[in-house]
Amino acid sequence: MPKQVLVFLCVAACGGGEIVGAGPRSSDGGDRPVADARATADGHFAPGDGSAGTTDGAQMATDGRAGGNDAMSEACAGGPLAAPIPGCAPPAPPTTGDPHQDCVNRINQLRAECQCLPPLARWNEAEACVAKDAEYDVDHGPHAGFGDGICTPQGFAQNECPGWPSIEQTITGCLQQMWDEGPGEPYSEHGHYINMTNPDYSQVACGFFTTSGGEVWAVQNFR
């Protein structure tokens, strides 16, 4: 099975990244450069690769979820954790039948169960644009639609799962692998996680495009 690639779009200059132009307005109102993710992303994953084994911390998160909201509330009583629980890899929630909602739910599950972070709101009005980005990128490369500003609203940052076998695997596998990058430096090796946890963002829009060959390109835009 071919390796799958995780790529992200920076909203600040990435170490080693080639700056390809001015980016969208940042959440603080300033203009930030967009880095070429193809020059900076070096993570190559097959579905299922890169998921760390369960640790005591991960088990605590899983036990908290199984014990209901009261257990999770107690575990997160002190507010967001400074860093994610090592090896936290909870099973994805049951599907709602709407992959856009499933994607948002998965991101929020990782945020809540692995770091006690508040949920992001589903950014419905951007989903059509995000889907256009995914379709455009098949022929032009990851993040090309975002960088070329082919539609609006775009948001401030983008993660992307190009060429995956199914929508379900982008939600259950790719998003987990992005989270597993965790905090740290250089930015080019942790950008997916950083985008997923950036405190400046309050919304996320998910979009998908399936090629004639059955490959799925899944994009998540944040603002």
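Computed from a predicted model, the values in this text were never measured in an experiment.

Asker: Can you explain the confidence of the model for the protein? Please cite residues and give values.
Answerer: Regions with low pLDDT carry predicted coordinates that are not meant to be interpreted in detail. Predicted confidence across the protein gives a mean pLDDT of 78, with 69% of residues reaching 70 or more. Here residues 10-66 is a poorly scored stretch, pLDDT under 50, and it has 121 contacts once near neighbours within four places are set aside; other chains count.

Asker: Describe the packing of aromatic side chains, and please don't skip the residues or the numbers.
Answerer: The relation between two aromatic rings is expressed through the spacing of the ring centres and the mutual angle of the planes. Scanning the model with the defined rule gives three aromatic pairs in all. Through pairs of rings, three or more aromatic residues link up here, namely Phe-156, Tyr-201 and Phe-222.

Asker: Let's hear about the packing of helix α4 (residues 99-115) against helix α7 (residues 167-180): which residues, and what values?
Answerer: Orientation of α4 relative to α7, taken along the N-to-C sense of each, is 30°, at an axis distance of 10 Å. The orientation of α4 relative to α7 falls into the category roughly parallel. At the point where α4 passes α7, the crossing takes the right-handed sense. Of the residues in α7, those touching α4 at Pro-99, Asp-102, Cys-103, Arg-106, Ile-107, Leu-110, Arg-111, Cys-114 and Gln-115 are Ile-167, Ile-171, Thr-172, Leu-175, Gln-176 and Trp-179. A per-class count over the contact of α4 with α7 returns nine nonpolar, three polar and three charged.

Asker: How would you explain the pairing of strand β9 (residues 216-222) if you had to name every residue and give the values?
Answerer: For β9, the buried fraction is high: seven of the seven residues fall into the buried class. Burial along β9 is two-sided: Val-216, Ala-218, Gln-220 and Phe-222 and Trp-217, Val-219 and Asn-221, pointing in opposite directions, are all buried. Pairing geometry for strand β7 (residues 157-164) and β9, over six bridges, is antiparallel. The partner of Asn-159 across the bridge, within β9, is Gln-220. Note: strand β8 (residues 203-210) against β9, seven bridges, orientation antiparallel. Counterpart to Thr-210 in the pairing with β9 is Val-216.

Asker: Would you mind going over α7 in detail, with residue names and values included?
Answerer: Under the 1.5 Å per step criterion, the end-to-end length of α7 is 19 Å for 14 residues, consistent within 8% with the ideal 20 Å. At Gly-173, α7 shows its largest bend, some 25°. What α7 keeps buried is the set Thr-170, Ile-171, Gly-173, Cys-174, Leu-175, Gln-176, Gln-177, Met-178 and Trp-179. Immediately beyond the C-terminal end of α7, within one or two residues, lies Gly-182, with a positive phi of roughly 65°.

Asker: Mind laying out the side chain of Asn-108, listing which residues take part and the relevant values?
Answerer: Along the chain, the position of Asn-108 falls in helix α4. Here Asn-108 falls in the buried class, since its relative accessible area comes to 14%.

Asker: Would you mind going over the nonpolar core in detail, with residue names and values included?
Answerer: In this structure, Cys-103, Ile-107, Trp-179, Met-196, Phe-208 and Phe-222 are the most contacted members of the largest nonpolar core, which totals 27 residues. If you list the elements that add at least two residues to this core, you get α4, β7, α7, α8 (191-197), β8 and β9. In terms of nonpolar packing, the next biggest core, distinct from the first, is built from seven residues, Trp-123, Ala-126, Ala-134 and Trp-217 among them.

Asker: Describe the environment of Cys-206, and please don't skip the residues or the numbers.
Answerer: Structurally, Cys-206 can be placed in strand β8. Sequence spacing of Cys-206 and Gln-101 is 105 residues, and the spatial spacing of their C-alpha atoms is 8.1 Å. Excluding anything up to four places from it in sequence, Cys-206 contacts His-100, Cys-103, Val-104, Ile-107, Glu-127, Val-130, Val-219 and Gln-220.

Asker: Would you mind going over the pattern of salt bridges in detail, with residue names and values included?
Answerer: Taken as a whole, this structure holds three salt bridges when the rule is applied. Between Arg-122 and Asp-98 there is a salt bridge; the shortest N-O distance is 3.0 Å. Note that Arg-122 is positioned in strand β6 (residues 121-122) and Asp-98 in the loop between α3 (69-75) and α4, a separation of 24 residues in sequence. Among the ionic pairs, Arg-122 bridges to Glu-127, the shortest N-O distance being 2.6 Å. Where salt bridges share partners, they join Asp-98, Arg-122 and Glu-127 into one cluster.

About the thresholds
- Residues numbered from 1 in each chain as written.
- Predicted model: local features only at pLDDT ≥ 70, side-chain atom pairs only at ≥ 80, totals over all residues.
- Heavy atoms only, no water.
- pLDDT = per-residue confidence, 0-100.
- Contact = heavy atoms within 4.5 Å.
- Phe/Tyr/Trp six-rings, centres within 6.5 Å; stacked < 30°, edge-to-face > 60°.
- Axes fitted to C-alpha atoms, helices over the stretch in contact; angles between N-to-C directions.
- Helix = DSSP H or I, 4+ residues; strand = E, 2+ residues; numbered from the N terminus.
- Parallel < 35°, antiparallel > 145°, perpendicular 65-115°, else oblique.
- Left-handed = near helix turned anticlockwise from the far one by under 90°.
- Nonpolar A, V, L, I, M, F, W, Y, C, P; charged D, E, K, R; others polar.
- Buried < 20%, exposed > 50% of the residue type's maximum accessible area, 1.4 Å probe, protein only.
- Pairing = 2+ DSSP bridges.
- Expected span 1.5 Å × (residues − 1).
- Bend = angle between axes of the 7 residues up to and from the residue.
- Core = buried A, V, L, I, M, F, W, Y, C linked by side-chain atoms within 4.5 Å.
- Salt bridge = Lys/Arg side-chain N within 4 Å of Asp/Glu carboxyl O.

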